[in-house]
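A structural walkthrough
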Amino acid sequence: MTRRSRLLTTATAGVTAALLLAGCGGGDGDKSKSNDKIAGADTGVSASASPSASAASAGRPKITLPSDLTYTFEWAKTGNEKKDAVLGDTEQFIKAVDMAIAKQAPLDNAYRFYSEGLAAAGSQKFIQEFVDYKDRITGAKRYFDAKVQINDDGTAGLVYCEDQTKAYNKSLKTGKAEVTKASKDDYVLYNSLLQVNKQGVWITEKLTSQRGSSVCQP
């Protein structure tokens, strides 16, 4: 199996570049960025937002992941309640997708709790590929340089980077991890569109990705 098939991105086909934040250059955490260098990428600081406090009783699914899969979210709280809720619920969505992969469950309820429409369909396809290969993800995943924008229509746009250099494919048949050499393709730029539901949870509706993006390179 190739590295490409191991860590495919959850891109949704047919979603246009309109999901990119129109003003992402001036977003939170972008003041120290220059020459495409990601602000905070070399600090080693791990900060994590929390799911929406208003949605604490929304019947959130429990996320249980393999002990050999860890995360670092280098996006600190912004101080804006809506933006922090977007970040927190996106973290849960990311983990829920990986949990579905570990469970080999393309229709798992957890990731569908945090997504719908094109994003849910794209995630199902992504999970199914791991099921077909009888693989899951192991190692460490890092997310950084998040920029959130709350739009006038109540939706939210989120752009962020993922570092997959220390994340690998693990065969469920043999229990062995496919450790491969790091490359520029291990850095992925994501763009998502979210909508808050009646329970106060920010749902990812659309998601695009660009592997090997110069924006996310160290």
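Reference entry: report on the structure contained in this document.

**Digging into the overall build of the protein chain**
- Along its length, the protein chain carries four helices and six strands.
- Ordered by position in the sequence, the α and β elements of the protein chain form the string α-β-α-α-α-β-β-β-β-β.
- Within the protein chain, the fraction of its 218 residues that count as buried is 49%.
- Within the protein chain, contacts between residues separated by at least 24 positions form 74% of all contacts whose residues are at least 6 apart in sequence.
- Carbon and sulfur atoms make up 50% of the accessible area of the protein chain, which totals about 10,400 Å².

**Points about the environment of glutamate 205**
- As for its placement among the helices and strands, glutamate 205 is situated in strand β6 (residues 202-211).
- Along the sequence, glutamate 205 and serine 115 sit 90 residues apart, while their C-alpha atoms lie 5.8 Å from each other.
- Setting aside chain neighbours within four positions, we find glutamate 205 in contact with Glu116, Gly117, Leu118, Ala119, Leu193, Leu194 and Gln195.

**Some points on the side chain of aspartate 145**
- Note that aspartate 145 resides in strand β2 (residues 135-150).
- What makes aspartate 145 buried here is its relative accessible area of 5%.

**Quick word on the side chain of serine 123**
- With respect to the helices, strands and loops of the structure, serine 123 is situated in helix α4 (residues 117-133).
- Only 2.9 Å separates the side chain of serine 123 from the backbone oxygen of alanine 119, close enough to count as a polar contact.
- Look past the residues within four positions of serine 123 in its chain and what remains in contact with it is Phe93, Val97 and Tyr111.

**Considering α4**
- The terminal C-alpha atoms of α4 lie 25 Å apart, and with 17 residues this matches the ideal 24 Å at 1.5 Å per residue to within 8%.
- Along α4, the residues classified as buried are Ala119, Ala120, Gly122, Ser123, Phe126, Ile127, Phe130 and Val131.
- Phi for lysine 134, located one or two positions after α4, is positive at around 60 degrees.

**Digging into the nonpolar core**
- Trp75, Leu158 and Tyr160 are the most contacted members of the largest nonpolar core, which totals 37 residues.
- Of all the secondary-structure elements, those providing two or more residues to this core are β1 (69-74), α2 (81-103), α3 (109-113), α4, β2, β3 (155-171), β5 (187-196) and β6.
- Looking at which element gives the most residues to this core, the answer is α2, with 10 residues.
- Core analysis: the next-biggest nonpolar cluster, separate from the first, contains six residues, Phe144, Val159, Tyr187 and Leu189 among them.

**Some remarks on α2**
- In this model, α2 (23 residues) spans 33 Å end to end at C-alpha, consistent with the 33 Å of a helix rising 1.5 Å per residue.
- Most of α2 is tucked away: 18 of the 23 residues are buried.
- Two or three places before lysine 82, at the opening of α2, asparagine 80 has a side-chain oxygen 3.0 Å from that residue's backbone nitrogen.
- Positive phi appears at glutamine 104, one or two residues downstream of α2, with a value of about 60 degrees.

**Quick look at the packing of α2 against α4**
- At a closest axis distance of 9 Å, the pairing of α2 and α4 adopts a crossing angle of 35 degrees. Viewed along their axes, α2 and α4 form a crossing whose handedness is right-handed. Between α2 and α4, the residues in contact are Phe93, Val97, Ala100 and Ile101 and Ser123, Phe126, Ile127 and Phe130, respectively.
- Split by residue class, the contact of α2 with α4 holds seven nonpolar, one polar and no charged.

**Considerations on the packing of aromatic side chains**
- Scanning the entire structure with this criterion turns up nine aromatic pairs.
- Both rings, one in tryptophan 75 and one in tyrosine 143, keep their centres 6.3 Å apart while their planes meet at 45 degrees; by these two values the pair is tilted. You can see tryptophan 75 sitting in the loop between β1 and α2 and its partner tyrosine 143 sitting in strand β2, a full 68 residues away along the chain.
- Among the residues examined, tyrosine 143 registers a relative accessible area of 2% and is labelled buried.
- Grouped by ring-pair contacts, the aromatic residues Tyr71, Phe73, Trp75, Tyr143, Tyr160 and Tyr190 constitute a single cluster.
- Against the face of tyrosine 71 rests lysine 95, its NZ or CZ located 5.5 Å from the ring centre.

Rules and cut-offs
Residues numbered from 1 in each chain as written. Predicted model: local features only at pLDDT ≥ 70, side-chain atom pairs only at ≥ 80, totals over all residues. Heavy atoms only, no water. Helix = DSSP H or I, 4+ residues; strand = E, 2+ residues; numbered from the N terminus. Buried < 20%, exposed > 50% of the residue type's maximum accessible area, 1.4 Å probe, protein only. Contact = heavy atoms within 4.5 Å. Areas by Shrake-Rupley, 256 points an atom, 1.4 Å probe, with all protein chains shown as cover. Polar contact = N/O pair within 3.5 Å; in protein donor to acceptor, adjacent residues only side chain to side chain. Expected span 1.5 Å × (residues − 1). Core = buried A, V, L, I, M, F, W, Y, C linked by side-chain atoms within 4.5 Å. Axes fitted to C-alpha atoms, helices over the stretch in contact; angles between N-to-C directions. Left-handed = near helix turned anticlockwise from the far one by under 90°. Nonpolar A, V, L, I, M, F, W, Y, C, P; charged D, E, K, R; others polar. Phe/Tyr/Trp six-rings, centres within 6.5 Å; stacked < 30°, edge-to-face > 60°. Lys NZ or Arg CZ within 6 Å of the ring centre and 35° of its normal.

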